[in-house]
Amino acid sequence: MTVTHLNLRGLKCPLPALKTRKALRGLAAGDILLVECTDPLAALDIPNLARETGDALETQTEAGGVLAFRIRKAVSAPEP
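Small disclaimer: the values here were computed from a predicted structure and weren't measured. (Residues numbered from 1 in each chain as written. Predicted model: local features only at pLDDT ≥ 70, side-chain atom pairs only at ≥ 80, totals over all residues. Heavy atoms only, no water.)

### Side note on the environment of Lys19
Its place among the elements puts Lys19 in helix H1 (residues 15-25). Relative accessible area serves as the criterion here: at 40%, Lys19 is assigned to the partly exposed category. C-alpha of Lys19 to C-alpha of Thr38: the two residues are 19 residues apart in sequence and 14 Å apart in space. Those residues in contact with Lys19 that sit more than four places away from it in its chain are Leu6, Leu8 and Leu11. (Helix = DSSP H or I, 4+ residues; strand = E, 2+ residues; numbered from the N terminus. Buried < 20%, exposed > 50% of the residue type's maximum accessible area, 1.4 Å probe, protein only. Contact = heavy atoms within 4.5 Å.)

### Examining unusual backbone geometry
A cis amide bond links Cys13 to the next residue, Pro14, at an omega of 10 degrees. Within the secondary structure, Pro14 sits in the loop between strand E1 (3-8) and H1.

### Structural notes on helix H2 (residues 42-53)
With twelve residues, H2 should reach 16 Å at 1.5 Å per residue; the first-to-last C-alpha distance of 16 Å fits that figure. Three or more residues of H2 are buried, namely Ala42, Ile46, Pro47, Leu49, Ala50 and Thr53. Along the axis of H2, the buried positions cluster into a sector of 150 degrees, meaning they face one direction only. Every exposed residue of H2 that faces more than 90 degrees away from the buried side is listed here: Leu44 and Arg51. Next to the buried residues of H2 lie H1, strand E2 (32-37), strand E3 (56-63) and strand E4 (66-72). In the segment just after H2, Gly54 is the residue with positive phi, at about 85 degrees. (Expected span 1.5 Å × (residues − 1). Arc of directions from axis to C-beta.)

As structure tokens, then:
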């Protein structure tokens, strides 16, 4: 299992979701993606993306205007 950090601070919708989707495609099953972003819409977009791809959103936090997401790549995520 590997952990990948994705710093998307300063990017506006739809870039955080698009870059997160691209990063998830490059991960192996069970890998972790840690995403940080400042776009308030990511609070909706990233969880919806995880549901759509079948990956597990393990945590979602907000501190100081930074949204952080921990996503575990699914064993066999469906292709969108």
